[in-house]
Amino acid sequence: MDYLEYNTRMLYDMSDIMSHCFSDKQETDYRNAFDKTVLYKQTTEKAYYSLGNGTELPIDVDRFCGLSMYLPQSDLPKLNDWYKDLDWYKAVYE
């Protein structure tokens, strides 16, 4: 969620990060699979994120899918340890 530029990034929008990591073909394949999996979604025409100081940043609602994911990061060791202790993590990675 790169609109939180002043903050440590702990969560990432799944579709947004895939658009930065995949080749064009991989992203197209991902989007096709995603659209078959998520059968319905709806957003407002526009969205804004408030920085809390009266400043609002616009968010491109077409760029994000609304599903967040955590990516382990070397500068967040405690959070990484917590994440690795989740049953979901153990089922997928162990």
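Residues numbered from 1 in each chain as written. Predicted model: local features only at pLDDT ≥ 70, side-chain atom pairs only at ≥ 80, totals over all residues. Heavy atoms only, no water.

*Asks:* Describe the pattern of salt bridges, listing the residues and the values that go with them.
*Replies:* Taken as a whole and assessed by the stated rule, the structure comprises three salt bridges. Of the charged contacts, one joins R31 and E27 as a salt bridge, the two residues approaching to 3.4 Å between their closest N and O atoms. Highlighted residues: R31 and E27, both in helix α2 (residues 24-37), separated by four residues, approximately one helical turn. Here K90 and D85 are joined by a salt bridge, their closest N and O atoms 3.2 Å apart. With a relative accessible area of 32%, K90 lands in the partly exposed category. (Salt bridge = Lys/Arg side-chain N within 4 Å of Asp/Glu carboxyl O. Helix = DSSP H or I, 4+ residues; strand = E, 2+ residues; numbered from the N terminus. Buried < 20%, exposed > 50% of the residue type's maximum accessible area, 1.4 Å probe, protein only.)

*Asks:* I'd like a rundown of a nonpolar patch on the surface, residues and numbers included.
*Replies:* A cluster of nonpolar residues, W88, V92 and Y93, forms a patch on the protein surface that exposes about 360 Å² of accessible area. By the secondary structure assignment, Y93 is in helix α4 (residues 87-93). (Patch = residues over 30% accessible without salt bridge, like charges linked within 9 Å, V, L, I, M, F, W, Y side chains within 5 Å. Areas by Shrake-Rupley, 256 points an atom, 1.4 Å probe, with all protein chains shown as cover.)

*Asks:* Report on the packing of aromatic side chains, specifying residues and quantitative values.
*Replies:* Each aromatic ring pair is specified by the distance between its two centres and by the angle formed by the two planes. Summed over all chains, the structure comprises seven aromatic pairs. Residues W88 and Y93 carry aromatic rings whose centres are separated by 6.3 Å and whose planes lie at 75 degrees to one another, so their mutual orientation is edge-to-face. By relative accessible area, Y93 is classed as exposed at 52%. Ring centres of Y89 and Y93 lie 4.6 Å apart, and the angle between their planes is 35 degrees; on these two criteria the pair is classed as tilted. Placement of the pair is Y89 and Y93 together in helix α4, with a separation of four residues, close to one helical turn. (Phe/Tyr/Trp six-rings, centres within 6.5 Å; stacked < 30°, edge-to-face > 60°.)

*Asks:* Describe the nonpolar core, naming the residues involved and giving the relevant values.
*Replies:* Judged by nonpolar contacts, Y12, I17, M18, Y30, F34, C65 and M69 together constitute the single largest core of seven residues. Among the elements of the structure, α1 (14-21) and α2 are those that each provide at least two residues to this core. In contact with Y30, other than residues within four places in its own chain, are M14, S15, M18 and F22. (Core = buried A, V, L, I, M, F, W, Y, C linked by side-chain atoms within 4.5 Å. Contact = heavy atoms within 4.5 Å.)

*Asks:* Tell me about the packing of α1 against α2, and name the residues and values.
*Replies:* Helix-helix packing is characterised by the crossing angle of the two axes and by the distance between the axes. It is at 9 Å that the axes of α1 and α2 come closest, and there the two elements cross at 160 degrees. Put simply, α1 runs roughly antiparallel to α2. Considering only the axes of α1 and α2, their crossing is right-handed. Along the contact surface, α1 presents M14, S15, M18 and S19, while α2 presents E27, Y30, R31 and F34. (Axes fitted to C-alpha atoms, helices over the stretch in contact; angles between N-to-C directions. Parallel < 35°, antiparallel > 145°, perpendicular 65-115°, else oblique. Left-handed = near helix turned anticlockwise from the far one by under 90°.)

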